[in-house]
Amino acid sequence: MNTKPRAMRDVLLDRIWRAMADDKTIFFVTADFGSPVLDRIRADFPLRFVNVGIAEQNLINISAGLALEGYTVFAYAIAPFITMRCFEQIRVSLALLSEVRPMNVNLIGVGAGYSYVVSGPTHQCYEDITLMRALPNCRVMSPSDHVSAGSLFDRCVGSKGLKYLRFDAQLLPVIYEAGPPDLELGFHVHRKGERICLVATGYMLHTAFKVADALSEVGYSVGVIDLFDISHFASGSLLEELASYAGIVTLEEGFRGRGGIDAMMFELIARNNMTTRIHNVGVEGAYRFEIGSREELHEQVGIGQGVVLASVKKFIQSI
Amino acid sequence: MTANTIDLREKSHWVWRETLAIHRRAPETRVASSLSVIDIFVALYYGGVLRFDPLQPLNEERDRCVISKGHGSICMYPILADLGYFALSELQRVCHAGSFLGGIPDPVIPGYETVNGSLGHGLGVSTGMALGLKNKGSDRSVFVVVGDGELHEGANWEAIMFASQHKLDNLNLIVDNNQISMLGYTDDIVSHNSLLDRLSAFGWDCVEVDGHDVVQVQAALLKMKSSSLGKPKALIAKTLKGHGVPGLENAPLSHILNPKPELIDSLLEQKL
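No experiment lies behind these values; they were computed from the predicted model shown.

Criteria and thresholds
- Residues numbered from 1 in each chain as written.
- Chains lettered and ligands numbered in written order.
- Predicted model: local features only at pLDDT ≥ 70, side-chain atom pairs only at ≥ 80, totals over all residues.
- Helix = DSSP H or I, 4+ residues; strand = E, 2+ residues; numbered from the N terminus.
- Rg over C-alpha atoms; globule rule 2.2 N^0.38 Å.
- Buried ≥ 20, exposed ≤ 12 C-beta atoms within 10 Å, placed from the backbone.
- Contact = placed C-beta atoms within 7 Å.
- Nonpolar A, V, L, I, M, F, W, Y, C, P; charged D, E, K, R; others polar.
- Domains from an automatic or database assignment.
- Axes fitted to C-alpha atoms, helices over the stretch in contact; angles between N-to-C directions.
- Parallel < 35°, antiparallel > 145°, perpendicular 65-115°, else oblique.
- Left-handed = near helix turned anticlockwise from the far one by under 90°.
- Core = buried A, V, L, I, M, F, W, Y, C linked by C-beta atoms within 7 Å.
- Pairing = 2+ DSSP bridges.
- pLDDT = per-residue confidence, 0-100.

Engineer: I'd like a description of the overall build of chain A, backed by residues and values.
Structural biologist: For chain A, the count of helices and strands is 12 helices and 11 strands. Taking 2.2 N^0.38 as the reference for a compact globule, 319 residues should give roughly 20 Å; the C-alpha atoms of chain A span a radius of gyration of 19 Å, in line with that estimate. With the C-alpha coordinates aligned to their principal axes, the bounding extent of chain A is approximately 60 × 40 × 40 Å. Here chain A holds 319 residues, and the buried ones make up 52% of them. The contacts in chain A between residues at least 6 apart in sequence include a share of 77% that link residues at least 24 apart.

What follows is the structure in structure tokens.
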């Protein structure tokens, strides 16, 4: 089987479009951000499709109001804008308010990490994991291919509350050929290894596979785990999975040392009094304006396959 | 004067006294901006404008009333208690440990719809509620009370544009236009000039009233609620921050001034 890659957003929007015919409580709100599949939602459900214009603060406020009236809301915009332009609206009228009022709002942010490759730092997004996971009741989900992205629909409609879906804007190779991962677990073990395990999220899972393959060629067998539910993964199960490793490598397309999955792994290990060593792969902390391919940009900021392979080798040798 | 006007004026005076008394016990509360808006809330809740059920605050059949200028709505505590949303004795415990009535109201208070402490959020959320109600085929109305200073927040204007685009004539904005924010007169900070002209230019159906003539406010609100011309509606109520308190009324720094306890005591004695 060789599934053709699709855009994450198109697969989720397709699930939403199919569901909207029967489920009259689904509302779709966009901040003037589209996709070919979105055109179907707009055409077939004009009363439950709203474009607020280039106005992310209002995107969130309108979504909050609709959710208070009982609608399941999908709000859709480019990742840095739907998280950072309107962060206080999210905090006040979604995170705080959903503590006392039942609300179901699903924020779909397209453009994780460097996926808007040539658009530069305004449209790229390296802070959202840190920011969104700072909201204690926000479920942050970061899929690595379109199969896992589409499966998040069940989580979105099946549970109340605030959710943030961090989608890549590019077509990524299919990882979950055999079917989507277990949403309850929040992570998926792709490979078991010896001594070292790579824990990656989003696009960096693909880099993790390449690095693991390269290490395998030189005799190192490393584990690979996809951490796709960044906020509500089953921490006990993940700890069990990690217990046999001497070292963990975190890989994320976000700033390193700023509270992303690197910090989460430190917390997890430290809180459980484990001595596992941790090495972090993330964007070196600076805004940069170079133009290049995603791979080239990744090499420049410390998360490309080449630099990661070298740093992981060093890490392995230090253990 | 009809029985109705006497009742409303008496009620406004009672709420004014209770608000001062709460502030006397809990000086952390923002009293000046709570005094300017009293007649608006009295008209809404006692003037036959809002449909509400104190025993089921979130009853689907209620009109939604969003109190966006949260800090300046301490006067809602006596109103909600008087209407039976919670016990009057709770008014003695404002800002005390264990009370649900804080210096800035939270949505844990029966009768409050949203988070109100941070300014500039209520109108947008109300606009989403109005859209949702229209979509459900509900004839219930949404009222939202904001301060004029709060309209400096740009997100309001995103909602103002959206509401007229979507012809949300079930949305009723009330501006407590006391023209003072924390550091002075809004005209000296960033002037709205004429809010009536500005909102009208954005496609809203607007009316201006004396916000301290509770009967006039009531009449305007009833008329506003019943009109459905395919436009969102705004009532701009000219009010005085710190209304009725010498030294506080219309003082540019009234937001951060606390009237002395002795002054409050003498006011409460005088107007018994």
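Engineer: Any chance you could break down the overall build of chain B for me, citing the residues and the numbers?
Structural biologist: Of regular secondary structure, chain B possesses 10 helices and seven strands. Relative to a compact globule of 272 residues, whose C-alpha radius of gyration would be 19 Å, chain B shows 17 Å and is just as compact. Summarising its shape, the C-alpha atoms of chain B cover approximately 50 × 45 × 40 Å along the three principal directions.

Engineer: A description of unusual backbone geometry should follow, citing residues and the corresponding values.
Structural biologist: Note: most residues except glycine have negative phi, and most peptide bonds are trans. Residues and elements named next belong to chain B. In this structure, C95 takes a positive phi of about 70° despite not being glycine. Within the secondary structure, C95 sits in the loop between α4 (76-83) and α5 (122-136). Positive phi, normally seen in glycine, also occurs at N250, with a value near 60°. With respect to the helices and strands, N250 occurs in the loop between β7 (233-238) and α10 (261-270).

Engineer: Describe helix α3 (residues 38-46) of chain B, with residues and values.
Structural biologist: Residue and element names in this part refer to chain B. Here α3 lies mainly inside the structure; nine of its nine residues are buried. Turning to α3, its buried residues number three or more, namely I38, D39, I40, F41, V42, A43, L44, Y45 and Y46. Of the residues flanking the end of α3, it is G48, one or two places downstream, whose phi is positive at about 75°.

Engineer: Tell me about α4(B), and name the residues and values.
Structural biologist: When you tally the buried positions in α4(B), you get six out of eight residues, the bulk of the element. Along α4(B), the residues classified as buried are M76(B), Y77(B), P78(B), I79(B), L80(B) and A81(B).

Engineer: Mind laying out the interface of chain B and chain A, listing which residues take part and the relevant values?
Structural biologist: Of the residues lining the interface, 21 residues belong to chain B; the matching set on chain A comes to 23 residues. Of all the secondary-structure elements, those providing two or more residues to the side of chain B that touches chain A are α5 and α6 (154-165) of chain B. When residues in the side of chain B that touches chain A are grouped by element, the largest group, 11 residues, is from α5(B). Looking at the side of chain B that touches chain A residue by residue, the class counts come to 10 nonpolar, nine polar and two charged.

Engineer: Can you tell me about the environment of K225(B), naming the residues and giving the values?
Structural biologist: Along the polypeptide, K225(B) turns up in helix α9 (residues 214-226). When the C-alpha positions of K225(B) and I79(B) are compared, they lie 21 Å apart, and in sequence the two are 146 residues distant.

Engineer: Break down the domain arrangement of chain A for me, citing the residues and quoting the values.
Structural biologist: All names here are of chain A. Each assigned domain of chain A is listed here: domain 1 (8-167) and domain 2 (187-318). With centres defined by C-alpha atoms, the gap from domain 1 to domain 2 works out at 27 Å. The interface of domain 1 with domain 2 comprises 22 residues on the first partner and 27 residues on the second. For the side of domain 1 that touches domain 2, the elements supplying multiple residues, two or more each, are α6 (128-133) and β5 (138-141). Tallied by class, residues from the side of domain 1 that touches domain 2 come to 11 nonpolar, seven polar and four charged.

Engineer: Explain the packing of helix α3 (residues 56-68) of chain A against α6(B) residue by residue, including any values.
Structural biologist: Axis separation between α3(A) and α6(B) bottoms out at 9 Å; the angle between their running directions is 70°. Of the possible angle classes, the one that applies to α3(A) and α6(B) is roughly perpendicular. For the element pair α3(A) and α6(B), the recorded crossing hand is right-handed. On α6(B), the residues touching Q57(A), N58(A), N61(A) and I62(A) of α3(A) are A155(B), E158(B), A159(B) and F162(B).

Engineer: Tell me what's going on with the environment of G302(A), and back it up with residues and numbers.
Structural biologist: All names here are of chain A. Position of G302 among the secondary structure elements: in the loop between α11 (294-301) and α12 (305-318). Considered as a pair, G302 and Q57 are 245 residues apart in the sequence and their alpha carbons are 33 Å apart. With residues up to four places along the chain from it excluded, the contact list for G302 reads V283, E284 and V307.

Engineer: Please provide a residue-by-residue account of the environment of F28(A), values included.
Structural biologist: Residue and element names in this part refer to chain A. Mapped onto the secondary structure, F28 falls in strand β1 (residues 26-30). For F28, a count of 25 C-beta atoms within 10 Å gives the class buried. Distance in space between the C-alpha atoms of F28 and L66 is 10 Å, their sequence separation being 38 residues. Discounting chain neighbours no more than four positions away, the residues touching F28 are I16, I41, R48, F49, F74 and Y76.

Engineer: Which residues make up the nonpolar core, and what values go with them?
Structural biologist: A75(A) and L198(A) are the most contacted members of the largest nonpolar core, which totals 186 residues. Here this core takes eight residues from α3(B), the largest share from any one element. Two domains share this core, each providing at least three of its residues, namely domain 1 (8-167) and domain 2 (187-318) of chain A.

Engineer: Mind laying out the sheet that holds strand β1 (residues 64-67) of chain B, listing which residues take part and the relevant values?
Structural biologist: Residues and elements named next belong to chain B. Pairing is parallel across the open sheet formed by five strands, whose spatial order is β1-β2-β3-β7-β6. The open sheet has two edge strands with one neighbour each: β1 and β6 (205-210). Here the average twist between neighbouring strands, direction ignored, is 20°. Across six bridges, strand β2 (residues 142-147) lies against strand β3 (residues 171-177) in parallel orientation. Note that in β3 the partner of F143 across the bridge is N172. The strands that α9 touches are β3, β6 and β7; relative to β6, the one it contacts most, it runs at about 165°.

Engineer: An account of the confidence of the model for chain B is requested, with residue identities and associated values reported.
Structural biologist: Interpreting fine coordinate detail is not advised for predicted regions of low pLDDT. Looking at chain B as a whole, its pLDDT mean stands at 96, while 98% of the residues score no less than 70. Scored as a complex, the prediction yields pTM 0.97 and ipTM 0.97.

Engineer: So, the sheet that holds strand β8 (residues 196-200) of chain A: which residues are in play, and what are the values?
Structural biologist: Residue and element names in this part refer to chain A. Overall, mixed pairing links the five strands, which are arranged β7-β9-β8-β10-β11 in an open sheet. The outermost strands of the open sheet, each flanked by one partner alone, are β7 (187-191) and β11 (277-283). Across the sheet, the mean angle from the axis of one strand to that of its neighbour is 20°, orientation sign disregarded. Its contacts with the sheet put helix α10 (residues 261-271) on β8, β9 (223-227), β10 (247-255) and β11, and the angle it makes with β10 is roughly 150°. In this fold α12 packs onto β8, β10 and β11, with an angle of close to 165° to the strand it touches most, β11.

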